[in-house]
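Residue-level structure breakdown
Here is what each chain is made of, one letter per residue.
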Amino acid sequence: MLEKHLALSSDYYYWNEIEHNILLGKWCLKNKNTGHLYKYKHSIIRDIWDDDKYDSKVAFCNTLHNVILKHLSTSLNTIHDEDLNIRSWDIIVGWWLLFHIQICYDRYHLIKSALEQNPASCNVLALPANFFIPADSLEYTKFIYNDLRNFFLLSWILNEFKHRDLECRPIEAKPQDVRNFEELKTARLHRNQTISYQGQSFKYTFAGARFSPITLREILKENGHEELPYYRYAFEPNPMLREKLLSNYQPQSHFEQVCISLLRNQMPASFLENFKRNHDSTSINYPQNTGIIYTANSILTDDSFKIWATTQIERNKSILVLGQHSNAYGNLHCQTAEDYERRISDSYVTWGWEEDKKTTALPALPLKPFFEKSIRATYDSEKITFIDASLPLFKYWLYSLPQGGDHLETIQDVLLFYKSLNPTLFKRFEHRLYFQNFGWDEEDILRTNFPDLKLTNTDGATPLKEQLNTSKLCVVNYHSLVLSECIAADYPVICFWNFGKWKLRQNIKHLYDRLQDVGILHPTPKSAAEFINRKDADIQSWWNNEKTVKAKEEYAAKFCKGEHEPEKAWANFFNRLMVKHEHNS
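These lines cover the structure that appears in this document, whether it is placed above or below. All values derive from a computational prediction rather than experimental measurement. (Residues numbered from 1 in each chain as written. Predicted model: local features only at pLDDT ≥ 70, side-chain atom pairs only at ≥ 80, totals over all residues. Heavy atoms only, no water.)

**Considering the overall build of the protein chain**
The line we're drawing: Secondary structure elements follow DSSP: runs of H or I of four or more residues count as helices, runs of E of two or more count as strands, with numbering from the N terminus. For the radius of gyration, the atom set is restricted to C-alpha positions; the globular benchmark scales as 2.2 Å times the number of residues to the power 0.38. Burial here depends on accessible area, computed with a 1.4 Å probe over protein chains only, as a share of the maximum for the residue type. Under 20% is buried, over 50% is exposed, and the range in between is partly exposed. For this analysis, residues touch if any pair of their heavy atoms sits within 4.5 Å. Using a 1.4 Å probe, accessible areas were evaluated by the Shrake-Rupley method; residue-level cover was limited to the displayed protein chains. Positive charges come from Lys and Arg alone, negative charges from Asp and Glu alone, with His and the N- and C-terminal ends not counted. Where a charge lies is defined by one atom per residue type, namely NZ (Lys), CZ (Arg), CG (Asp) and CD (Glu).
For the protein chain, the helix and strand inventory stands at 24 helices and 16 strands. Radius of gyration (C-alpha) of the protein chain: 25 Å, near the 25 Å computed for a compact globule of 585 residues. Overall, the C-alpha framework of the protein chain stretches about 70 × 65 × 40 Å when taken along its three principal axes. Here the protein chain holds 585 residues, and the buried ones make up 59% of them. Taking the contacts inside the protein chain whose residues are at least 6 apart along the sequence as the reference set, 75% of them involve residues at least 24 apart. Accessible area of the protein chain: about 25200 Å², with a carbon and sulfur share of 49%. Mean positive and mean negative side-chain charge positions of the protein chain (69 and 73 charges, respectively) differ by 2 Å.

**Quick look at the sheet that holds strand S2 (residues 20-23)**
Rule in force here: Strands are labelled as partners when DSSP assigns at least two bridges between them. For every element, the axis is a line fit to its C-alpha atoms; helices are fit only across the contacting stretch, and the angle between N-to-C directions ranges from 0 to 180 degrees.
Reading across the sheet, the 5 strands line up as S3-S2-S1-S4-S5 and stay open at both edges, with parallel pairing between neighbours. In the strand order of this sheet, the two ends are held by strand S3 (42-44) and strand S5 (167-171), each with one partner. On average, adjacent strands in this sheet sit at an angle of 25° to one another, irrespective of strand direction. Bridge count between strand S4 (residues 121-125) and S5: 5 bridges; the pairing is parallel. Residue pairing for S5: Asn 123 is matched across the bridge by Arg 169. Strand contacts of helix H5 (residues 147-161): strand S1 (4-7), S4 and S5, with the helix running at about 125° to S4, the strand carrying the most contacts.

**Overview of the nonpolar core**
Cut-off, in case you're wondering: Throughout, nonpolar core names a set of buried Ala, Val, Leu, Ile, Met, Phe, Trp, Tyr and Cys residues whose side chains join them through atoms within 4.5 Å.
Leu 8, Leu 24, Phe 417, Tyr 418 and Phe 429 are the most contacted members of the largest nonpolar core, which has 176 residues in total. Sort the elements by how many residues they give to this core and helix H3 (residues 86-115) lands first, with 18 residues. Leave out the neighbours within four places in its chain, and Leu 24 touches Leu 6, Ala 7, Leu 8, Ile 45, Leu 110, Ile 111, Ala 114 and Leu 154. With 21 residues, the next largest nonpolar core counts Ile 319, Ala 569, Trp 570 and Leu 577 among its residues.

**Structural notes on the packing of helix H2 (residues 54-80) against H3**
Packed helices, taken two at a time, are described by the angle their axes make and the gap between the axes. Selection rule: Put simply, angles under 35 degrees are roughly parallel, angles over 145 are roughly antiparallel, angles from 65 to 115 are roughly perpendicular, and the rest are oblique. Handedness of each helix crossing follows the sense of rotation of the near helix against the far helix: counterclockwise by less than a right angle gives left-handed, clockwise gives right-handed. Gly is put with the polar residues, along with every residue not named as nonpolar or charged; the nonpolar set is Ala, Val, Leu, Ile, Met, Phe, Trp, Tyr, Cys and Pro, and the charged set is Asp, Glu, Lys and Arg.
Contact geometry of H2 with H3 gives a least axis separation of 8 Å together with a crossing angle of 130°. Overall, the two elements H2 and H3 adopt an arrangement that is oblique. Read as a crossing pair, H2 and H3 show a hand that is right-handed. Here the contact of H2 with H3 is built from residues that sort into 14 nonpolar, 7 polar and 3 charged.

**A short note on the pairing of S2**
To keep it simple, the criterion reads: Orienting the strands away from the viewer, one traces the path from the first strand over the helix to the second; a clockwise path indicates a right-handed crossover.
Burial along S2 is two-sided: the residues His 20 and Ile 22 and Asn 21 and Leu 23 are all buried. Taken together, the 4 bridges between S1 and S2 define a ladder with parallel strand orientation. Counted as the bridge partner of Leu 6 is Ile 22 from S2. Two strands pair when backbone bridges link them, and S2 and S3 are joined in this way by 3 bridges, in the parallel orientation. Pairing of Asn 21 across the sheet is with His 42, part of S3. Handedness of the crossover is the feature at issue here: the chain leaves S2, passes through helix H1 (residues 34-39), returns alongside S3, and the resulting connection is right-handed.

**Considering the packing of aromatic side chains**
Under the convention used in this document: Geometry of aromatic contacts follows a simple scheme: Phe, Tyr and Trp rings, the Trp one being its six-membered ring, pair when their centres are within 6.5 Å, and the pair is stacked under 30 degrees between planes, edge-to-face over 60, tilted otherwise.
Under the counting rule described, the total for this entry stands at 59 aromatic pairs. Taking 5.3 Å as the distance between ring centres and 35° as the angle between the ring planes, the aromatic pair formed by Phe 131 and Phe 181 counts as tilted. Of the two residues, Phe 131 is situated in the loop between S4 and helix H4 (137-143) and Phe 181 in helix H6 (residues 175-186); the sequence distance between them amounts to 50 residues. For the pair shown, Phe 131 and Phe 181 are each scored as buried.

**Notes on the side chain of Ser 480**
In plain terms, the rule: What qualifies as a polar contact is a pair of N or O atoms within 3.5 Å, subject to a donor-acceptor requirement within protein and to the restriction that residues adjacent in sequence count only when both atoms come from side chains.
Among the secondary structure elements, Ser 480 is positioned in the loop between strand S14 (473-476) and helix H19 (481-489). Here the side chain of Ser 480 touches Val 482 through a polar contact of 2.9 Å, landing on its backbone nitrogen.

**Digging into the sheet that holds strand S13 (residues 454-456)**
Strand order in the open sheet formed by 6 strands is S13-S12-S11-S14-S15-S16, and the pairing between neighbours is parallel. For this open sheet the edge positions go to S13 and strand S16 (521-522), each flanked by a neighbour on one side alone. By the bridge criterion, 3 bridges tie S14 to strand S15 (residues 493-496) in an arrangement that is parallel. Bridge pairing in S15 places Val 475 opposite Ile 494. Its contacts with the sheet put helix H21 (residues 525-535) on strand S11 (384-387), strand S12 (429-432), S14, S15 and S16, and the angle it makes with S15 is roughly 155°.

And the structure:
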């Protein structure tokens, strides 16, 4: 009988060629492993999220976040000689902390389940933990998709279990894997670090807005400023400083103990070693804000901005307004990023939906180019563009959407879609690959199954608008922003995805039902392909018929609201907020 070997990496190089390999997820079934999966006996741990307790697990992670944040705020105030309130620390570190807890929860329970299978051996990564400490939140988001980093994370957690009967064998990382990870560390920042607004003061700050605020500033009668600089500094990990984190906190479970142990070691340096330098740089070179701070993206990964924003909020009582920046807001059953953003903001701007007093529906300014027809269907063209999805190998955030190994089904759905097309119609498709290869090797799979299929964006640099402007129809296989962009631009689009994985909120589900009724949305790839087989000769008539137009309008009212001169609506909103701010001051 073969002994069992616990495999912690998706790369077969780190597995055992003789023993039965226990694999921690379907991410090990990626294309490059196919030959080895046929040769060696293996089994896969069941997905810990594949049950009816998903919501309770999410609630547990959110509750733990709030508990740890309270104690972490005290630690960070002491370390940095600050007196910031919990909300300020939530703005600075809260988003990273949510990521950290949710990823730890997933990996911890994978290891726990695997150990119940009584493996005899395991290869653990022989690289120092300091190698994986991110400089900041932006760098962290690059690390979490990396297989070597995931291997390290699982190795660390396994070690925390201190399993007596398991032989852990240190294994060196492949040199190429180390070089690839080093490239993530040295990736050039695309933000100017030399500009300065020293001594300047503005009522309105727009950073990472996802739209040009020039026209809006003109209406608000303030010139404003360009994009704020971003700071990232080299650092040496300070073990003594890190040991002070949560030093007085008593974990209530083994999981909490492991989570906090990793937190001390892996917290981004921007919150610890480089916090003061970031604080000083933004205090000198960022402007003073005396009114409203607006951002969509900067609140997530721009640590320089977040540190500055909390200072303005506490010192000047600035109002923090956050804005929707994805199509997965206002509609998913579980969306912890949205919950976090709405919680820390004073006001939250959406593209049409409202759920409480804090949310305000305004015209979708990030989609303005599409309302102005930056893409136009060429109805006399024979070409159809398929916009493909890809996902990271591993779970990384709690959303009601496919993650990790779920993508294997998405890949199979693409193959079934093309097999269900009429042969003559198939020849007219251009398949646009996702801009990033996470390791699933969709390009190789497509070339193997469909040698004649034209693949585009193989370098990740082909402009989407350029491709769509020469097509008559767009096909999308995931709940993409492309859906809202196409509806805003009045561009024919057909979507399909697994309704069981993309779980929607009940209060908006009827809008997606309407899209399904008219053929814009489909529950299976076969349904979408057969619909295109029938409608290909008459796409324009279908897209413009009364029922389709009504379904589009109902969807747009909630998720891609349009309006003539949308900046005026935004200016009125900001003026109302400014009156409130001046009254409170």
